[in-house]
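# Descriptive structure summary
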Amino acid sequence: MAMTPDEAGYVQALEAKVLELEAQIANLEVEIKRLRQEKGLPSGVREGLTFDNRTGTHVDGSKKHFCTVCLNQDKRWELRVEPHGFRCMICKKYYPDPDRPERYDGGGDSDSWLAR
């Protein structure tokens, strides 16, 4: 089925608008990259991070830990430091820190079967 001249003109106008928007997006991406470089920020979500095998987290140069689960979804969330590890406040995943392990203190009851 052939398009009428009005339909063809409408399609052509839409295609022109799509090309215009794609050009605007490309310009914005260039500007974002320039601003990131100017401010010294990493350009990718993983850039500037290393994987810490001990905790299972990603760490930046200032020793901040980031959630690996959220990082895999192209988001960078700094983990909350807890007494014995780190927790993501977005996905709630907990990462234990082997340098700060939990220790059982016996609960203060010397008659406990665990204290024997």
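Everything here concerns the structure above.
Residues numbered from 1 in each chain as written. Predicted model: local features only at pLDDT ≥ 70, side-chain atom pairs only at ≥ 80, totals over all residues. Heavy atoms only, no water.

### Some details on the side chain of T57
Spelled out, the test is: Secondary structure counts use DSSP, requiring at least four H or I residues in a row for a helix and at least two E residues in a row for a strand, with both numbered from the N terminus. Only protein chains enter the accessibility calculation, which uses a 1.4 Å probe. A residue is then buried if its area is under 20% of the maximum for its type, exposed if over 50%, and partly exposed in between. Residues adjacent in sequence count toward polar contacts only when both atoms are side-chain atoms; beyond that, a polar contact is any pair of N or O atoms within 3.5 Å, and within protein one must be able to donate a hydrogen and the other to accept it. Any two residues whose heavy atoms approach within 4.5 Å at even a single point are treated as in contact.
Along the chain, the position of T57 falls in strand β2 (residues 57–59). Overall, the relative accessible area of 0% leaves T57 in the buried class. Of the polar contacts made by the side chain of T57, one reaches the side chain of T55; its length is 2.7 Å. Apart from residues lying up to four places away in sequence, T57 is in contact with T50, F51, D52, H65, F66, T68, L79 and Y95.

### Things to note about the pattern of salt bridges
Rules: Any Lys or Arg side-chain nitrogen found within 4 Å of a carboxyl oxygen on Asp or Glu counts as a salt bridge.
Taken as a whole and assessed by the stated rule, the structure comprises 6 salt bridges. Of the charged contacts in the structure, one is a salt bridge between E20 and K17, with a shortest N-O distance of 3.5 Å. Separated by 3 residues within a single helix, E20 and K17 lie in helix α1 (residues 5–39), roughly one turn from each other. Assessed through its relative accessible area of 39%, E20 is described here as partly exposed.

### Quick look at the sheet that holds strand β1 (residues 50–52)
Neighbouring strands of a sheet are bound in pairs by backbone hydrogen bonds; such pairs are parallel or else antiparallel. For clarity, the threshold we go by: At least two bridges found by DSSP between two strands are what make those strands a pair.
The 3 strands lie next to each other as β1-β2-β3, forming an open sheet whose pairing is antiparallel. Every other strand in the sheet has two partners, leaving β1 and β3 (65–66) as the edge strands with one partner each. By the bridge criterion, 2 bridges tie β2 to β3 in an arrangement that is antiparallel. Across the sheet, residue V59 finds its bridge partner in β3, namely H65.

### Quick look at the side chain of H65
Here H65 is to be found in strand β3. Separated by 2.7 Å, the side chains of H65 and T57 make a polar contact. For H65, the contacting residues outside a window of four places in its chain are D52, T55, T57, H58, V59, W77, E78, L79 and F86.

### Looking at the packing of aromatic side chains
Filter applied, for reference: Note on aromatic pairs: the rings of Phe, Tyr and Trp (six-membered ring only in Trp) are paired at centre separations within 6.5 Å, and the planes decide the class, stacked below 30 degrees, edge-to-face beyond 60, tilted for the rest. Consider the ring centre and the ring normal. A charge sits over the ring if Lys NZ or Arg CZ is within 6 Å of that centre and within 35 degrees of that normal.
Applying the stated rule across the entire model yields 0 aromatic pairs. A cation over a ring is seen here: K93 above Y95, with NZ or CZ 5.0 Å from the ring centre.

### What to know about the nonpolar core
Counted only if it meets this: For the purposes of this section, nonpolar cores are sets of buried Ala, Val, Leu, Ile, Met, Phe, Trp, Tyr and Cys residues that join through side-chain atoms within 4.5 Å.
With 6 residues, the main nonpolar core is built from C67, C70, L79, F86, C88 and Y95. Residues within four places of L79 in sequence aside, it is in contact with T57, H65, F66, C67, F86, R87, C88 and Y95.

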